[in-house]
Amino acid sequence: MKVYNTLTGEKEDFIPLAEGRVNMYVCGVTVYDHCHIGHARSAIVFDIIQRYLKYKGLDVKFVRNFTDIDDKIINRAKKEGIPWNEVARKYTEEFYRDMDRLGVARADIEPKATEHIGEIIGIVKGLIDKGYAYESEGSVYFSVNKFAEYGKLSKRDKEDMIAGARVDIDERKRDPMDFALWKASKEGEPSWESPWGTGRPGWHIECSAMSIKHLGETFDIHGGGADLIFPHHENEIAQSEAFTGRPFVKYWVHNGFITIDKEKMSKSLGNFFTIKEVLNKYDPEVVRYFLLATHYRSPIEFSDEQLKEAEVSIDRYYTTLARIADFLSRAETAAKPAAAEKAFEVFVNLFKDKFHTAMDDDFNTALALGNIFELIREVNRFLDANPSGQQANELVSRAKELLSEAGKVFNIFNRTPEEWQAVLMKTKEIHLTEKDILDKISQREEARKRKDWAAADAIRKELDEKGVILEDKKEGTVWKIKAG
RNA sequence: GGCGGCGUACCCAAGUGGCUAAGGGAGAGGUCUGCAAAACCUUUAUGCAGCGGUUCAAAUCCGCUCGCCGCCUCCA
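Residues numbered from 1 in each chain as written. Chains lettered and ligands numbered in written order. Predicted model: local features only at pLDDT ≥ 70, side-chain atom pairs only at ≥ 80, totals over all residues. Heavy atoms only, no water.

A. Just the packing of helix H10 (residues 304-330) against helix H12 (residues 365-384), in detail. One can describe the packing of H10 onto H12 by two numbers: an axis separation of 10 Å at closest approach and a directional angle of 35°. Between H10 and H12 lies a crossing whose hand is left-handed. Contacts between H10 and H12 involve Ser 313, Arg 316, Tyr 317, Thr 320, Arg 323, Ile 324 and Phe 327 from the first element and Phe 373, Ile 376, Arg 377, Val 379, Asn 380, Leu 383 and Asp 384 from the second. In terms of residue class, the contact of H10 with H12 is made up of seven nonpolar, three polar and four charged. (Axes fitted to C-alpha atoms, helices over the stretch in contact; angles between N-to-C directions. Helix = DSSP H or I, 4+ residues; strand = E, 2+ residues; numbered from the N terminus. Left-handed = near helix turned anticlockwise from the far one by under 90°. Contact = heavy atoms within 4.5 Å. Nonpolar A, V, L, I, M, F, W, Y, C, P; charged D, E, K, R; others polar.)

B. Examining the sheet that holds strand E7 (residues 179-184) more closely. Strand order across the open sheet formed by four strands is E5-E6-E7-E8, with antiparallel pairing between neighbours. The sheet is open, and its two borders are formed by strand E5 (133-136) and strand E8 (199-201), each paired with just one other strand. Sheet twist, expressed as the average angle between the axes of neighbouring strands with direction ignored, equals 25°. The sheet contact formed by E7 and E8 spans three bridges and is antiparallel. Counterpart to Ala 184 in the pairing with E8 is Gly 199. Strand contacts of helix H4 (residues 117-129): E5, strand E6 (139-142), E7 and E8, with the helix running at about 120° to E7, the strand carrying the most contacts. (Pairing = 2+ DSSP bridges.)

C. Region of interest: the protein's contact with RNA strand B. Looking at RNA strand B, there are 58 residues lining it, with Lys 72, Trp 203, Gly 225, Gln 306 and Arg 460 nearest. A share of 67% is what sugar and phosphate atoms reach among the atoms of RNA strand B within 4 Å of the protein. At a separation of 2.8 Å, a base nitrogen of RNA strand B approaches a polar side-chain atom of Asp 457. The dominant element in the surface near RNA strand B, judged by the number of residues it contributes, is H12, at nine residues. Looking at the surface near RNA strand B, its residues break down into 16 nonpolar, 19 polar and 23 charged. (Near = heavy atom within 4 Å. Polar contact = N/O pair within 3.5 Å; in protein donor to acceptor, adjacent residues only side chain to side chain.)

D. Spotlight on the sheet that holds strand E13 (residues 300-301). In space, the three strands of this open sheet follow the order E12-E11-E13, with mixed pairing throughout. The open sheet is flanked by strand E12 (263-264) and E13, the only strands paired with a single partner. Direction of pairing for strand E11 (residues 258-260) relative to E13: parallel, over a ladder of two bridges. Looking at the pairing, Ile 258 lines up with Ile 300 of E13.

E. Broad picture of the domain arrangement of chain A. Under the domain assignment, chain A is made up of domain 1 (2-281), domain 2 (304-416) and domain 3 (428-481). Computed from C-alpha coordinates alone, the two centres of domain 1 and domain 2 are separated by 40 Å. Counting from both sides, the interface comprises 13 residues of domain 1 and, opposite them, 14 residues of domain 2. Contact between domain 1 and domain 2 buries roughly 1,400 Å² in total, counting both sides, with carbon and sulfur atoms accounting for 56%. When the buried surface of domain 1 facing domain 2 is broken down by residue, Ile 48, Tyr 52 and Tyr 55 rank first, second and third, together holding 43% of it. Scanning the region where domain 1 abuts domain 2 turns up three salt bridges. Lys 56 serves as the salt-bridge partner of Asp 360, at 3.0 Å between the closest nitrogen and oxygen. In this assembly, domain 1 and domain 2 are joined by eleven residue pairs in polar contact (both at pLDDT 80 or more). If you tally residues by element for the side of domain 1 that touches domain 2, the top one is helix H1 (residues 37-55), at six residues. Here the side of domain 1 that touches domain 2 is composed, by residue class, of seven nonpolar, one polar and five charged. (Domains from an automatic or database assignment. Buried area = accessible area lost by both parts, 1.4 Å probe. Salt bridge = Lys/Arg side-chain N within 4 Å of Asp/Glu carboxyl O.)

So this is what it looks like as structure tokens:
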């Protein structure tokens, strides 16, 4: 298995520190507002990585934190006129609401910054003792110059950054690049007792404290959005390695952004859609598919068109699944020679390897989805050949199992075709009941018996305009909701 | 300005040295059908931003040019 490591800038063989075990930490969210679709991408990317590693039989310990104390939370509390911890509680709940809908699994451990103040203070003290940090007016700063390897993750050197001259000048800092480990609290702000007076943790230190506590001083994977590379993850490395004297993380994994009109979606630009807004129009499965159809490190342009295509793709899956169910329910045992059988068997046998190869190559979900649709085509092609007999049934059953297994890793494709129709009915806002549709179908049946094609076609057209498609089969007419 | 990334068909998107450049959508033609739909088949990049170079061999490596984006400030 290969994983792209931001630290080395290369795809590397993935070799866990302890055989068969993977410790991974992913930066979660600061709970001060509703999440947007960019947060969803990060959550889904690491959800799939985590699921795939577990699927491969690795013993994964997955930690995803909540930043529940921070300037933004404090500001939000002022704005809403509620206590800061109420803001954190409220948006933690909203986070779970969104993630549950998106099918993002809970992490094995979900620590909060405020529950690790003791550990944070311990590390800050340790850093002062070792000469990496200093106290100034009740705050504590990390001295970047003391850490020789500073910049190794984001590939920049201190001189360049200072030349960039966008670092904030703060008189309390000895060097403009230094960053806060502990912030002295102002009157009325949330605070905790510390050796340097009352204050609260800086942003970066919490992740060091929580990851080290739950995963040890060195662990396998640390993930997050690419915008965290600098300064957040760079600072985490500096603090952690200065404190423990050991390498902090073996593989740094970062997901790309979601863009709108080619620009990064962000709160400050205001060009974002919340998860809730998107889920009003599209089913979570569609959103997951949309995000997985592009490699996790590439940017994804957010667009209605692409979401609709994702919906059509998923519809193709369920249409095939319905065909499979139909075929299996007929289960003819009398074997009829099917020329296509051998070729189909070869294809079915190859699928799992192809799926694994794709996912083993830096979690190439886009390629894996391509493999899935190749299998879908082969299934349809095989069914078109009107196969029969036990061998054919077994092959089709196996194909169905394989699709379902792959779907499990992505946490998509796990409904029945009927459930999928219900989903479309809801998201497409079809204002017809099943009875309405069935009545129309029987009216059309009458017309068809009379060979009154004009009347029959008029009914079909009427339903089509309302988003319902009719399919005439030998056994009768079935209906489905138009996807896309 | 510094550092990093991207540019593959009408659209989206895999592919980072070597078999016919995955897959999805859209279009065209066909099989099936009363007609459709679904499904399948055929078709749509002798070419991967452009120009050079390395190599027996390049979308894939190197250089330059053009265009777009990201990070350097909170940010998934």
